[in-house]
Amino acid sequence: MLSGLSEWFWQERLWFPEGLGWADLEDRDGRVYAKAQDLWVALPIALLFLIIRQIFERTVAIPLASLLGVKETVRLKVPHNTTLESYYCSMTKNPTQTSIASLCKQTGFSERQVQRWFRRRRNQDRPSLLKKFREASWRFTFYLLAFIAGLAALIDKPWLYDLKEMWQGFPVLTLLPSQYWYYMIELGFYGSLLFSVASDVKRKDFKEQIVHHVATILLISFSWCVNYIRAGTLIMLVHDSSDYLLESAKMFNYAGWRNACNYIFIVFAGIFIITRLVIFPFWIIYCTWVYPVTIYEPFFGYYFFNGLLMTLQCLHIFWAVLIIRIAVRFLTNNEKVDDERSDKDETDESEEEEEEGAKKAMKKNGPVQNGHTVHNNNHSKRE
């Protein structure tokens, strides 16, 4: 059964235009071509990235966070309560008003005490600023180095300047060492992101991130197998060109460097819109969707490859809306740039109300000591 499934999966009509096949990608005359079995190299690379990341976060990210002044938010721990903890873990983290009333009867707490307990308990589960900074600094380092390496690998290639060159001689395109390592490292990195997604900071676009990682891994793997390598390297370069700016803006945001964060984010927003909403759809997708059919008849791989590109483009539009919303708010109201995808700590409204009440009482009655107003019995010289 497995052999039959494998034979069906690797049949040439799914992967190549008519008249072309796996035989065209066999090494000959000193020319080396990409092979599907090469992709297994990405697995140990992904595991190596997980190890390097742990070392990097401990030896580089934490000292850097201290240097930039990343300050942890002091979070009040909730007193242990078996009933509330059980409800929080097994039912929901955000109880309804009816549930709160029921929990009040079971615990003897007031409604405000139950609400406060759940607020503080939710805050305890939220990742710390240091954890966010460590993740952002790791991704910043990789994206920056990947962009520099990708640019160095493509700067002298004709298909960087004339996109039609990416199909010149397809599929008999010799694999270059720079292309091999660019592919394996990128595939290994996104594989490591997929492995660590359970322990990383979960944002509101968690599902979109999963879709993005899976689509990227499929896109890289498929383009490797059918020798769409020139197109693949261009796609990776376009994606790496702005991501490091976003991660650096996050780092400065977590450190409280407001101006640096805001201006880097605006630069990131401009580059993101140009690369993901202009260059990617109107140049790269155009050259993978429109131009190939002038050379060969469409086949399954052609539709599958472009379908993955369109999936990425839909995600680009989704994220562009969030980015533009943040940028407009900053430019029009001069507000602080915040990542709308991240959960923010909930303030304890009841404590704020108590503090506000105390301040108002102080203004009205003067200083208070031990709950009693301090009367001023000192008479002025005039009196």
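To be clear, the structure that these remarks concern was listed above.
The text that follows walks through the structure, step by step, so that each part is easy to find. (Residues numbered from 1 in each chain as written. Predicted model: local features only at pLDDT ≥ 70, side-chain atom pairs only at ≥ 80, totals over all residues. Heavy atoms only, no water.)

1. Comments concerning the pattern of salt bridges
Pairing is possible between side chains that carry opposite charge, provided their charged atoms lie close to one another. Condition: A side-chain nitrogen of Lys or Arg and a carboxyl oxygen of Asp or Glu constitute a salt bridge if their distance falls within 4 Å. Per the convention used, a helix needs a DSSP run of H or I reaching at least four residues, while a strand needs a run of E reaching at least two, with both numbered from the N terminus. Only protein chains enter the accessibility calculation, which uses a 1.4 Å probe; a residue is then buried when its area is under 20% of its type maximum, exposed when over 50%, and partly exposed in between.
On inspection of all chains with the given rule, the structure shows nine salt bridges. A salt bridge links R139 to E135; the nearest nitrogen and oxygen atoms lie 3.5 Å apart. Here R139 pairs with E135, and both are found in helix α7 (residues 129-154), just four residues apart, close to one helical turn. For the pair shown, R139 and E135 are each scored as buried. With a shortest N-O distance of 2.9 Å, D243 and R276 are connected by a salt bridge.

2. Focus: the packing of aromatic side chains
Test applied: Any pair of Phe, Tyr and Trp rings, taking the six-membered ring for Trp, is counted once the centres come within 6.5 Å. Such a pair is stacked with planes under 30 degrees apart, edge-to-face with planes over 60 apart, and tilted for the rest.
If you walk through the whole model with that rule in mind, you get 30 aromatic pairs. Between W289 and Y303, the aromatic rings sit 6.5 Å apart at their centres with planes inclined by 70°, giving edge-to-face as the arrangement. One end of the pair, W289, is in helix α11 (residues 258-289); the other, Y303, is in helix α12 (residues 300-333), with 14 residues separating them in the sequence. A residue is classified by how much of its surface remains accessible, and W289, at 39% relative accessible area, is partly exposed. Grouped by ring-pair contacts, the aromatic residues W15, W167, F222, Y228, F300, F304 and F305 constitute a single cluster.

3. Digging into the nonpolar core
Put simply, the test is: Buried Ala, Val, Leu, Ile, Met, Phe, Trp, Tyr and Cys residues form a nonpolar core when they are joined through side-chain atoms within 4.5 Å. Whether two residues touch is decided by their heavy atoms; if any such pair falls within 4.5 Å, the residues are in contact.
Residues M166, F189, W224, Y228, F265, F280 and F305 are the most contacted members of the largest nonpolar core, which totals 75 residues. Per element, the largest residue contribution to this core is 12 residues, and it comes from α12. Excluding residues that lie within four positions of it along the chain, Y228 makes contacts with W167, F170, Y183, S223, Y296, F299, Y302 and F305. Within the second largest apolar cluster, 10 residues are counted, among which are V78, L84, C104 and V114.

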